[in-house]
Amino acid sequence: MKYGFIGTGNMGGALARAVSASVGGEAVVLADRDSEKAKRLAEKLGARVETAEQAAKGCDFLFLGVKPQMMAEMLAGIRGALAENSRLVLVSMAAGLSMAEIRRLAGGEYPVIRIMPNTPASIGQGMILYDCTENVTDAQEAQFLKAMERAGRLDRLPEKLIDAGSAVSGCGPAFVFLMIEALADGGVKNGLPRAKAQRYAAQMLLGSAEMVLRTGRHPGQLKDEVCSPGGSTIQGVRVLEEHGFRGAVTDAVIAAYDKTKEMGKG
């Protein structure tokens, strides 16, 4: 099995690292308009650098890691190469572009896996949503999951819900990083050294998230258990509610979803 990556930016590079860790760098092929960037990553992974056309002809799975607005031009340039590869599965991570649109741009009814990863995949803690066209075989799906296991958790989701899921898991890290920074700022205001405040905030969020995943309990219930009557935590919660914290986060997810749908319209 060969795994090709066209585009080795932040997300494409992160997934190439994960796949390389799962299957070995010798099974990974990298292609990028910036050939030097691809070469630097290939040296780290023990992978090969090829042209996009070569990757399209020779790989079993081809990860399309270019920006949505660049997808049409990129796929038009390799249509001939794609048509020569009968075993190919296209893996698209382009926000807003449906599997049907990827097929149209590629010029054929290719098997397509659409994925929505997030940046924590770069450290093996990603949340990757995916769906498949009807002609992706069970064996191909299983091989894809095996290759991606080092990237984090994968969950199959109907394509009609992927944009909504991505607004939570794909865009969410930026919202969480903003919260970590804000929590640390509060700690610094109260006298903590910046490095310690940041570490405390990050570890707190990590542990809190793990509690939700492990217990399966409602976040509201877990929140209530932290809030002692007349205590400092409920006072902080009151201030967050006064400033519309939950509404602001919900609105951020909705805004991200709306933008994703807009991007898909070209």
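Residues numbered from 1 in each chain as written. Predicted model: local features only at pLDDT ≥ 70, side-chain atom pairs only at ≥ 80, totals over all residues. Heavy atoms only, no water.

Chemist: Before we move on, could you go through the overall build of the protein chain and cite the residues and values that matter?
Modeler: Looking only at helices and strands, the protein chain has 13 helices and eight strands in total. Along the first, second and third principal axes, the C-alpha atoms of the protein chain reach 70 × 35 × 30 Å. A burial count over the protein chain gives 40% of its 266 residues as buried. Counting only contacts in the protein chain whose residues sit at least 6 apart along the sequence, the fraction spanning at least 24 positions is 63%. Here the protein chain displays about 14,500 Å² of accessible surface, and carbon together with sulfur accounts for 56% of that area. Positive and negative side-chain charges of the protein chain, numbering 32 and 30 respectively, have mean locations separated by a distance of 4 Å. (Helix = DSSP H or I, 4+ residues; strand = E, 2+ residues; numbered from the N terminus. Buried < 20%, exposed > 50% of the residue type's maximum accessible area, 1.4 Å probe, protein only. Contact = heavy atoms within 4.5 Å. Areas by Shrake-Rupley, 256 points an atom, 1.4 Å probe, with all protein chains shown as cover. Lys, Arg positive; Asp, Glu negative; His and termini not counted. Charge placed at Lys NZ, Arg CZ, Asp CG, Glu CD.)

Chemist: Give me the environment of Leu-41: which residues, what numbers.
Modeler: With respect to the secondary-structure elements, Leu-41 resides in helix α2 (residues 35-45). Those residues in contact with Leu-41 that lie beyond four places of it in its chain are Thr-8, Gly-13, Ala-16, Arg-17 and Leu-30.

Chemist: Help me get a handle on the sheet that holds strand β5 (residues 89-92), residues and values and all.
Modeler: Strand order in the open sheet formed by eight strands is β3-β2-β1-β4-β5-β6-β7-β8, with mixed pairing between adjacent strands. With one partner strand each, in any of the chains shown, β3 (48-49) and β8 (152-156) form the two edges of the open sheet. Of the strand pairs in this sheet, strand β4 (residues 61-64) and β5 are connected by four bridges, and their pairing is parallel. Looking across to β5, one finds that Leu-64 is bridged to Ser-92. Packed onto the sheet, helix α8 (residues 159-169) meets β6 (112-116) and β7 (126-132) and runs at close to 170° relative to β7. (Pairing = 2+ DSSP bridges. Axes fitted to C-alpha atoms, helices over the stretch in contact; angles between N-to-C directions.)

Chemist: Tell me about the packing of aromatic side chains, and name the residues and values.
Modeler: In this structure the tally under the stated criterion is three aromatic pairs. Ring centres 5.5 Å apart and planes at 10° place the aromatic pair Tyr-3 and Phe-61 in the stacked group. One end of the pair, Tyr-3, is in strand β1 (residues 3-6); the other, Phe-61, is in strand β4, with 58 residues separating them in the sequence. The class of Tyr-3 is buried, set by a relative accessible area of 1%. (Phe/Tyr/Trp six-rings, centres within 6.5 Å; stacked < 30°, edge-to-face > 60°.)

Such coordinate-based values are descriptive only and should not be taken to indicate function.
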